[in-house]
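Listed here are the chains, written in short residue letters.
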Amino acid sequence: MKAAVVVGAQWGDEGKAKVIDFLTEHADIVVRYQGGANAGHTVVTDGQKHVFHLVPSGVLYADKICVIGNGVVLDPTAFLAEVRELAQRGVDAAGRVFVSSRAHLILPVHAALDRAAEVSMGGRAIGTTGRGIGPAYVDKAGRLGVQVADLLDRERFRRRVGRIVERANALLVNLYGAEPVAAEEVVAAGLATADELRPMVRDVALLLDREMRAGKRVLLEGAQGTMLDLDHGTYPFVTSSNSTAGGACAGAGVGPTRIGRVIGIAKAYATRVGNGPFPTQIDGPLAEKVRTWGGEFGATTGRPRRCGWFDVLAARHAVRVNGLDELAVTKLDVLDELDEIPVCTGYRLNGELLTETPLRGRDLEAVEPIYEHLPGWRSRTTGARSLHDLPAAAREYLDRLAEWAGVPVGIVSVGPDRQQTLTTSNHRAFVTD
Ligand code: GDP
Ligand code: IMO
Ligand code: MG
């Protein structure tokens, strides 16, 4: 059985966790493969809301295995707090949540560096989540990082943390004029998590290989979104990992031949949190309305999300760089009250018409979106349980998005709850070899 990858096709917060939770019913294992606690993944079942930052979004099914791959940067304290909070809600992770020995750790110095760097950039700040993601990946790529396996070897951990803190303090004090961090405190905080983490540590590539050979269904859960990808996003206003589908191979240790299906999640409109280009952004009272209807406030930082219209050029870019097989369109219900819905089908740049994303990332700041206006449906879709329950104009809207993006719609979401999910004849998650 081949694995399926679920990725964000826009700027993050597309409703990935909701779709992962829905698909997990027919999966055996759910794997996070990149990012860290910058993710805020919301699942609602029977009216109860859960927000996950590191634990894979399939965890609510008591019989499923959840795995954190080597590509994730793991804050061990935040992770264990999340596992404990789940236990308080009656969700037992013991014996079924595993962590790669190769995942890199986020230490308190990384968060300190993240925040200091943001402050120093002033008006050019990225608008990060402040969780230390960028600096942790810098140390990983700089071959200075600390892996989960290092935490299980006290002396090695102490040595490697010492080196990281020494370098971090040089930057904090001399470059940013910030307070230094005490190495002993960082070591102690890390070691305090070791005993609880030890039984969860695995060779994840080996675990997944064995399970897939035994016919198990693996779902790879992306965090962030295509436009936040380090290589394919709106650099430098991106996160520091490959959130696109290729990142799943490197970040979980699953070879590309083992992946059979890639599902891209996109809202029926668009949002972005943090700074950087967002051509279809809307402002004023209409933006406020969409934000209120969609509850568009960050699940990690609580920041209001910037709201905009569906961007066909961004969607086509996502189809290309992820090799999407199908789209899951979420939050269709948020558009229920609109008379007409603008969809961006082109950009104008210096008088020239563009139908694909511009060559230079910074041109995205300057483009003027060109809209087609599709008729709204002005009726509630939240009760729909099959495609046939949707008003004709809503079905037409979905058909047009699929046609423009060049990929069929397989899943439609009309509300936050697990029940409020429709599938079409184009949907398939797992395919056989
Ligand atoms: P993720 O990061 O991609 O998993 O998405 P987030 O959890 O950050 O943000 C999506 C938000 O939209 C969450 O509050 C979800 O509960 C909510 N949501 C997901 N799908 C739908 C939907 O179809 N309709 C509505 N109204 N809300 C949805
Ligand atoms: P999920 O998985 C939306 C954004 C931040 C900032 C940029 C870099 O819930 O979709 P970072 O802290 O990663 O260095 O910040 O990326 N960002 C997200 N935006 N959803 C997310 O995750 C995000 N994770 C990071 O706002 O613009
Ligand atoms: Mg989110």
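Residues numbered from 1 in each chain as written. Chains lettered and ligands numbered in written order. Predicted model: local features only at pLDDT ≥ 70, side-chain atom pairs only at ≥ 80, totals over all residues. Heavy atoms only, no water.

Another aspect to go through is the coordination of the magnesium ion (ligand 3). Binding of the magnesium ion (ligand 3) to the protein goes through Asp13 (OD) and Gly40 (O), at separations of 2.1 to 2.2 Å. Here Gly40 lies in the loop between strand S2 (29-32) and strand S3 (41-45) and Asp13 lies in the loop between strand S1 (3-8) and helix H1 (16-24), a separation of 27 residues in the sequence. (Donors = N, O, S within 2.8 Å, 3.2 Å for Na, K, Ca; no water. Helix = DSSP H or I, 4+ residues; strand = E, 2+ residues; numbered from the N terminus.)

Attention shifts here to the site of ligand 2. Near ligand 2 lie 20 residues; those nearest to it are Asp13, Lys16, His41, Thr129 and Thr239. Interatomic distance of 2.6 Å between a side-chain N/O atom of Lys16 and an oxygen atom of ligand 2. Take Arg303: an N or O atom from its side chain is 2.9 Å from an oxygen atom of ligand 2. Burial of ligand 2 by the surrounding chains reaches 98%, relative to a free accessible area of 550 Å². Here the residues of the shell around ligand 2 are counted per class, giving seven nonpolar, ten polar and three charged. (Near = heavy atom within 4 Å. Polar contact = N/O pair within 3.5 Å; in protein donor to acceptor, adjacent residues only side chain to side chain. Areas by Shrake-Rupley, 256 points an atom, 1.4 Å probe, with all protein chains shown as cover. Nonpolar A, V, L, I, M, F, W, Y, C, P; charged D, E, K, R; others polar.)

Of all the nine residues making up H1, nine are buried; the element is thus mostly covered by neighbouring parts of the structure. Looking at H1, one finds that the buried residues are Lys16, Ala17, Lys18, Val19, Ile20, Asp21, Phe22, Leu23 and Thr24. (Buried < 20%, exposed > 50% of the residue type's maximum accessible area, 1.4 Å probe, protein only.)

A few words on the site of ligand 1. Not every one of the 19 residues close to ligand 1 is listed here, only the nearest: Lys16, Thr42, Lys331, Asp333 and Ser413. Within the backbone of Glu14, one N or O atom sits 3.1 Å away from an oxygen atom of ligand 1. Burial of ligand 1 by the protein chains amounts to 92% of its free accessible area of 590 Å². Elements with a contribution of two residues or more to the shell around ligand 1: H1 and S3.

Once that is clear, we can look at the pattern of salt bridges. Per the counting criterion, the structure on display carries 24 salt bridges. One salt bridge connects Arg316 with Glu356, and the closest N-O pair in it is separated by 3.3 Å. With Arg316 in helix H12 (residues 312-322) and Glu356 in the loop between strand S17 (352-354) and strand S18 (368-375), the pair connects residues that are 40 residues apart, well separated along the chain. Given the relative accessible area of 32%, Glu356 is considered partly exposed. (Salt bridge = Lys/Arg side-chain N within 4 Å of Asp/Glu carboxyl O.)

Examined at the domain level, the protein breaks down into domain 1 (3-99 + 200-262), domain 2 (104-195) and domain 3 (268-322 + 330-423). If you average the C-alpha positions of domain 1 and of domain 3, the two centres end up 24 Å apart. Across the contact, 35 residues belong to domain 1 and 33 residues belong to domain 3. Of the roughly 2,600 Å² buried between domain 1 and domain 3, counting both surfaces, carbon and sulfur atoms make up 57%. Counting every contact that joins domain 1 to domain 3 gives two salt bridges. We note a salt bridge from Arg418 to Asp21, for which the minimum N-O separation is 2.7 Å. (Domains from an automatic or database assignment. Contact = heavy atoms within 4.5 Å. Buried area = accessible area lost by both parts, 1.4 Å probe.)

A separate point is the side chain of Asp336. When you line up the elements, Asp336 lands in the loop between strand S15 (326-330) and strand S16 (340-349). Lacking a salt bridge, the buried Asp336 has Arg380 as its closest oppositely charged neighbour, with an N-O distance of 6.1 Å. (Lys, Arg positive; Asp, Glu negative; His and termini not counted.)

The next point concerns the state of the cysteines. Under the counting rule described, the total for this entry stands at zero disulfides. Free cysteine Cys66: the closest other cysteine sulfur is in Cys249, separated by 20 Å. Residue classification places Cys66 among the buried positions, given a relative accessible area of 0%. This cysteine, Cys344, is not joined by any disulfide, and Cys307 carries the nearest cysteine sulfur, 16 Å off. The exposure class assigned to Cys344 is buried, which follows from its relative accessible area of 0%. (Disulfide = S-S within 2.5 Å.)

This brings us to the nonpolar core. Nonpolar side chains tend toward joint burial in soluble globular proteins. Core analysis: the biggest nonpolar cluster contains 60 residues, and Leu220, Leu332 and Tyr397 have the highest contact counts within it. Setting aside chain neighbours within four positions, we find Leu332 in contact with Ala268, Trp377, Thr381, Leu390, Ala394, Tyr397, Leu398, Val412, Ser413 and Val414. Val43, Ala103, Leu151 and Ala194 belong to the second-largest nonpolar core, a separate cluster that totals 42 residues. (Core = buried A, V, L, I, M, F, W, Y, C linked by side-chain atoms within 4.5 Å.)

Moving on: unusual backbone geometry. Of the consecutive residues Tyr235 and Pro236, the connecting peptide bond is found in the cis state with omega at 5°. Among the structural elements, Pro236 can be located in the loop between strand S10 (218-221) and helix H10 (246-252). Phi at Asp46 is positive, roughly 45°, even though this residue is not glycine. Along the chain, Asp46 turns up in the loop between S3 and strand S4 (48-52). On the basis of relative accessible area, Asp46 is assigned to the exposed category, the value being 69%. At Arg143, a residue that is not glycine, the phi angle is positive and equals roughly 60°. Note on placement: Arg143 falls in the loop between helix H4 (133-141) and helix H5 (148-151).

A few words on the packing of helix H3 (residues 108-121) against helix H6 (residues 154-175). Between H3 and H6, whose axes approach to 10 Å, the crossing angle comes to 20°. It follows that H3 is roughly parallel to H6 by the angle criterion. Between H3 and H6 lies a crossing whose hand is left-handed. Residue-level inspection shows Val109, His110, Ala112, Leu113 and Ala116 of H3 in contact with H6, the latter providing Ile164, Val165, Ala168, Leu171 and Leu172. Each residue belonging to the contact of H3 with H6 can be placed in one class, and the counts come to nine nonpolar, one polar and no charged. (Axes fitted to C-alpha atoms, helices over the stretch in contact; angles between N-to-C directions. Parallel < 35°, antiparallel > 145°, perpendicular 65-115°, else oblique. Left-handed = near helix turned anticlockwise from the far one by under 90°.)

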